[in-house]
Amino acid sequence: MSHSLTEHLLDRLADAPADGLCVAFSGGPDSSALLHALATLPRERPLRALHVDHGLHADSARWAGHALAFCTGLDVACTVLRVAVDASAGLGVEGAAREARYAALAAALQPGEQLLTAHHRDDQVETVLLKLLRGAGPEGLGGMRARRPLGAGTLWRPLLEVPRSVLHAYVQQHALACLDDPANADPRLARHALRHEILPRLARHWPQAADSIVRSAALCRAAADALRTRWLAAFGQLHDHVTGSLDAAGWRGLAPGLREPLLDHWLHGRGLPAPTGGQRAQILRQIDARDGRVPCIRWPGAELHVWRGRLWALPQAPPFAPGWQACWHGGVLDLPDGGSLRVDRTLDTPLTVRLRRGGERLKPAGDPHTRELRDLFQAGAVPPWQRLACPLIWEDHALVAVADRWLSARGQALLGETLCWVPGR
């Protein structure tokens, strides 16, 4: 790169929308260089900063204080966003922190505002290599997009063509005080191995390796964008907007180049992580499961069911005790799967609510026969993943209602017309 960081930003800003700028500011060298360079330019747009405090390190409060002081010195408003990182979702601490960070940044963006991050060319190279090692297709190998929607605004990475060395030279030139996140030196992280071991060796043997990888990423991005128009059209045909499910045979019949990104798009739209290659192969195999079987493929943070010729994607079920039961006096009752049971009055006689234990039978009002729950669930198309958590309502030793789906004559008299079951999933 032959021109300076400031000149590069001036070029990019000349072609950018005139909306306000907001820098995702960690306090490290990269984001410090970006924010300082923007602050020294003529203020033709509003400029502010957001700092995310993950609370994962003993010094995180001190880092937030540094961010506020740095921004005050530049006359730039800074907001500290404190987040709770849930490492139990199967994403690992690093992945969970990233999810929490972007959720907080998205929520803090104003309409039309552009969130700038300091991701640079070296970050892009590392990202592409990591995606390659994980078996990604054109979408993943295209690396980070320069722009994408985020919250009410846009995520913008204006430095993807700028080497890390340019940013660090800027930091030294202006003697900027920067934070040093110890995670960057953690040898357990895959990026650390690439940055400090693999890429230096590549550069010794292939000096143009970084440029070539970035060029390949651009070609993959163009290919992914071309494929996107096709699989989006297929998604519109295969996706049921009412149930959120996907036609299983139709999805399997697509070419892999369309099938893979379509699956990821569907899952991400439901707030779920994508599966590994092995799990994708398992999904394809399970589509042809024998009648009566309901295959379920699980991975951290998600589970996928094949049922009635369609794919159903859900977050992983929270653990709950099958022996759970509660005394219910009416109103709203929270269920152990995260769902609820509600009746809009106080019950004259308290009832017992519990989960299925096996062997339950009910005579629905107006039905001459007593039915097994298994038969009711099948006839009523209750999804298999909801059956174990379906609330059964008892008066003493008599089953009077299966959620709000089937009520005995006595259940109707007790609960009336306002009974409502909201499944947790």
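Everything below is about the structure printed above this text.
Everything numeric here is computed off the predicted structure, so don't read it as measured data. (Residues numbered from 1 in each chain as written. Predicted model: local features only at pLDDT ≥ 70, side-chain atom pairs only at ≥ 80, totals over all residues. Heavy atoms only, no water.)

Draft legend 1. Just the pairing of strand β6 (residues 153-156), in detail. Bridge count between strand β4 (residues 114-116) and β6: 3 bridges; the pairing is parallel. The partner of Gln114 across the bridge, within β6, is Thr154. Note: strand β5 (residues 147-150) against β6, 4 bridges, orientation antiparallel. Counted as the bridge partner of Leu150 is Gly153 from β6. Where β5 hands over to β6, the hairpin turn is made up of 2 residues, of which Gly151 adopts a positive phi near 55 degrees. (Pairing = 2+ DSSP bridges. Helix = DSSP H or I, 4+ residues; strand = E, 2+ residues; numbered from the N terminus.)

Draft legend 2. Structural context of the sheet that holds strand β1 (residues 21-24). In space, the 6 strands of this open sheet follow the order β3-β2-β1-β4-β6-β5, with mixed pairing throughout. Sheet topology places β3 (77-82) and β5 at the edges, where each strand pairs with a single neighbour. Direction aside, neighbouring strands of the sheet carry axes that sit 30 degrees apart on average. The pairing of β1 with strand β2 (residues 47-53) spans 4 bridges and is classified as parallel. Residue Leu21 lies in a different strand from β2, and its bridge partner there is Leu47. Against the sheet, helix α2 (residues 29-40) touches β1, β2 and β4, its axis set at about 155 degrees to β1. Sitting on the sheet, helix α3 (residues 60-73) is in contact with β2 and β3, with an inclination near 175 degrees to β2. (Axes fitted to C-alpha atoms, helices over the stretch in contact; angles between N-to-C directions. Contact = heavy atoms within 4.5 Å.)

Draft legend 3. Spotlight on the pattern of salt bridges. With the rule as written, the count across this model stands at 24 salt bridges. A salt bridge links Arg82 to Asp53; the shortest N-O distance between them is 3.7 Å. In this pair, Arg82 sits in strand β3 while Asp53 sits in strand β2, placing the two residues 29 residues apart along the sequence. For Asp53, a relative accessible area of 8% corresponds to the buried category. Across the salt bridge formed by Arg371 and Asp367, the nearest N and O atoms sit 3.0 Å from each other. (Salt bridge = Lys/Arg side-chain N within 4 Å of Asp/Glu carboxyl O. Buried < 20%, exposed > 50% of the residue type's maximum accessible area, 1.4 Å probe, protein only.)

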